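# Residue-level structure breakdown
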Amino acid sequence: MTSGQAPRHHWPLRQVLPATALVLLLVCLASLMLGAGDLSPQAALQALFGQSSDEANFIVRELRLPRTLIGFLVGAMLSCAGALMQTLARNPLAEPGLLGVSAGSSFAVTLALMLGASAATLTVHVAQLGALAGCLLVLSAARIQGVGNDPVRLVLAGATLTGLLLSLISLLLMFDQRSADEIRFWITGSVAGRSLDIALQLMPSLGLAFILTLIIIRPLASLALGERAAQGLGHHPGRIRFIAVVIVALLVGSATAVAGPIIFVGLVVPFIARALAGPDIRRTLWLCLTLGPIIVISADTLSRLLVAPAELPLGVLTALIGAPVLLMVVRSRRLPTL
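Cut-offs used in this document
Within each chain, residues carry numbers counting from 1 in the order of the written sequence. Confidence filtering applies because this is a predicted model: local features only for residues at pLDDT of at least 70, side-chain atom pairs given and counted only at 80 or more, and all residues used for totals across whole chains, interfaces and linings. Excluded from the side-chain calculation are hydrogens and water; included are all heavy atoms of the structure. Each helix corresponds to a stretch of at least 4 residues labelled H or I by DSSP, and each strand to a stretch of at least 2 residues labelled E; elements are numbered beginning at the N terminus. A helix is expected to span 1.5 Å for every residue after the first. Note on exposure labels: buried denotes an accessible area under 20% of the residue type's maximum, exposed denotes more than 50%, and partly exposed covers the range between, all computed with a 1.4 Å probe on protein chains only. Distance and chemistry together define a polar contact, namely a pair of N or O atoms within 3.5 Å, with one atom able to donate a hydrogen and the other to accept it when in protein, and with adjacent residues in sequence counting only for side-chain atoms on both sides. Two cysteine sulfurs form what is called a disulfide whenever their separation falls within 2.5 Å. Whenever Lys or Arg places a side-chain nitrogen within 4 Å of a carboxyl oxygen from Asp or Glu, that contact is recorded as a salt bridge. Confidence of the predictor at the level of single residues is given by pLDDT, which spans 0 to 100. In this analysis, two residues are considered to be in contact whenever any of their non-hydrogen atoms come within 4.5 Å of each other. Within this scheme, the nonpolar core is defined by two criteria: the residues are buried Ala, Val, Leu, Ile, Met, Phe, Trp, Tyr or Cys, and they are joined through side-chain atoms within 4.5 Å. Bend is computed residue by residue as the angle between axes fitted to the seven residues ending at the residue and the seven residues starting at it. Here the axes come from fitting lines to C-alpha atoms, over the contacting stretch only for helices, and the angles between their N-to-C directions go from 0 to 180 degrees. Any angle from 65 to 115 degrees is called roughly perpendicular, while one under 35 is roughly parallel, one over 145 is roughly antiparallel, and all others are oblique. Crossing handedness is read from the near helix: turned anticlockwise from the far helix by less than a right angle, it gives a left-handed crossing, and turned clockwise, a right-handed one. All residues other than Ala, Val, Leu, Ile, Met, Phe, Trp, Tyr, Cys, Pro, Asp, Glu, Lys and Arg, Gly among them, are scored as polar; the first ten of these are nonpolar and the last four charged.

### Brief notes about helix α13 (residues 281-305)
Here α13 spans 35 Å end to end across 25 residues, near enough to the 36 Å set by a 1.5 Å rise per residue. Counted residue by residue, α13 has 18 buried out of 25 residues, so it is predominantly covered. The N-cap residue of α13 is D280: its side-chain oxygen and the backbone nitrogen of R282 are 2.8 Å apart.

### Regarding the state of the cysteines
Disulfide: a covalent bond formed between the sulfur atoms of two cysteine residues. Scanning all chains against the criterion turns up zero disulfides. C288 takes part in no disulfide bond, and the closest cysteine sulfur, belonging to C80, lies 4.9 Å away. For C288, a relative accessible area of 0% corresponds to the buried category.

### Points about the pattern of salt bridges
In total, this model carries four salt bridges according to the counting rule given. The salt bridge involving R67 is made with D300; its shortest N-O contact spans 2.7 Å. In this pair, R67 sits in helix α3 (residues 54-89) while D300 sits in helix α13, placing the two residues 233 residues apart along the sequence. Exposure class is identical for R67 and D300. Each is buried. Between D300 and R304 there is a salt bridge, with its nearest N and O atoms 3.2 Å apart. Here R304 and D300 lie together in helix α13, a separation of four residues that amounts to about one turn. One exposure class covers both D300 and R304, and it is buried.

### A closer look at the confidence of the model for the chain
Across the chain, the average pLDDT comes to 81, with 86% of residues at or above 70. Taken element by element, the predicted model of the chain shows its lowest mean pLDDT in helix α7 (residues 177-188) (65) and its highest in helix α1 (residues 13-33) (93). Counting contacts from residues 1-7, a segment whose pLDDT is below 50, to residues more than four positions away or on other chains yields three contacts.

### Considerations on the nonpolar core
Inside soluble globular proteins, nonpolar side chains tend to come together where they are buried. Of all hydrophobic cores here, the largest spans 81 residues; its most connected members are V74, M77, L220, I247 and L251. At 14 residues, the largest contribution of residues to this core is made by helix α11 (residues 237-259).

### Let's talk about helix α9 (residues 203-223)
The end-to-end C-alpha separation of α9 is 28 Å, in line with the 30 Å expected for 21 residues at 1.5 Å each. The largest bend along α9 reaches roughly 50 degrees and is located at I216, with the proline P219 sitting one to four residues downstream. Turning to α9, its buried residues are S205, L206, A209, L212, T213, I216, I217, P219, L220, A221, S222 and L223.

### A short note on unusual backbone geometry
For F264, which is not glycine, the phi dihedral falls at a positive 80 degrees. Within the secondary structure layout, F264 lies in the loop between α11 and α12 (265-277). With relative accessibility at 8%, the residue F264 sits in the buried group.

### Topic: the side chain of R304
What makes R304 buried here is its relative accessible area of 3%. Engagement of the side chain of R304 in a polar contact is seen with the backbone oxygen of L34, the distance being 3.0 Å. Here R304 is in contact with S31, L34, G35, A36, R64, R67, A310 and E311, once residues within four sequence places are set aside.

### A few points about the packing of α12 against α13
Relative orientation of the contacting elements α12 and α13 amounts to 130 degrees, with a least axis distance of 9 Å. Taken together, the axis directions place α12 and α13 in an arrangement best described as oblique. Crossing handedness for the pair α12 and α13: right-handed. Across the interface between the two elements, V265, V268, V269, P270, I272, A273, R274, L276 and A277 of α12 pack against R283, T284, L287, C288, L291, G292, I295 and V296 of α13. Per-class residue counts for the contact of α12 with α13 are 13 nonpolar, two polar and two charged.

Following this line, the structure appears as C-alpha cells:
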C-alpha cells in the first residue's frame, strides 16, 4: 500500500462466509429451477422431491442436478487452484487457464485418447499429469529474469504456451476423428451431460488435495511474507512449493477432465475473495469454496437461458465474466506482487 493511500476495509470471515454460502444456495436452486424447455420453476421444485411428472423428474434429477453438483466441484477446484498459484508465483495474474496449466491438461488428455485411452479414470489421471507439467513450466517461466517480476509478461508467456498447446491439439485431432469427437468439450468447456459417476471418481484426488492443503496452509501463509520469513519460522520453502504444485495439478487436472479448460475462474474468484476478506491465503481458500461455485453455476445457468433452447459453451460465459476483471487487475496500481 502506497503512502497516502487509505487502508482497505476487509470483512471478517465469520460474516462474509455465511453470506456467500447463502448466495450459493440460491444460485443452486436457480440452476435446478431454470433452464431451456417448458418446465416451470414450480414444477422443477416439485420434481426435486419426486412429486412431479416422470419427464419433470428426469429433467431435474438426471440432467440439472448432476450438472449443478459438478459445477460446484469445478468452481471450487479451479478457484482454489488459482489462489494457490497466485500465492506461489506472488502474482495476481497467475491463473491456470491463462498460464497454460489447463491447456497442458487438455493436451495430455488428447494424447491419451489418441493412444486408445477411453476409461474415465485414466483420463482424469492423465489430465492431472498434464496439469502438473504445465504448472512446472509456468513456475519455471516465473523464475526467468524479467518475466516473473512482470505480471503482464508472465501472462504473455502463459498465453504463448497455451496457444502452442492448443495448436498441437488441433494438429493431432486432424488425424484422429474419434479423438476429435471425444475431445471437443474439453476445448470449449462445459458441465452439460456429465454424470455423477465421474464426480465420484474424483473423490480420491480431492481428498488427497484437501489433506495436503491442511498440511501446508500455515507454511504457505508464512511463505507469502518471503522465503526468509518462512525459513525463520522453521518451514522449508522448496518443500512447500512442491506440495502446492501437486495440489494445483490434482485440482486443475480433475476440473479439466470433467469440464474442459474453463478460464478466468481461478483469476476472478481469488480477486473477489481478497477484496472481501484480505490477502491471507487461509481466508481466501475458504471463500473460494463458495465463490467459485457461485461463478461457475451462475454462468452455466445463463448458458442455458441466453440462447434457449440451444446452449452457450460454459467457457464463453466465464471468459465474458473474467475479461473485465483481468483488465481491472492489470490496471491496478497494486499489480506487481500479492
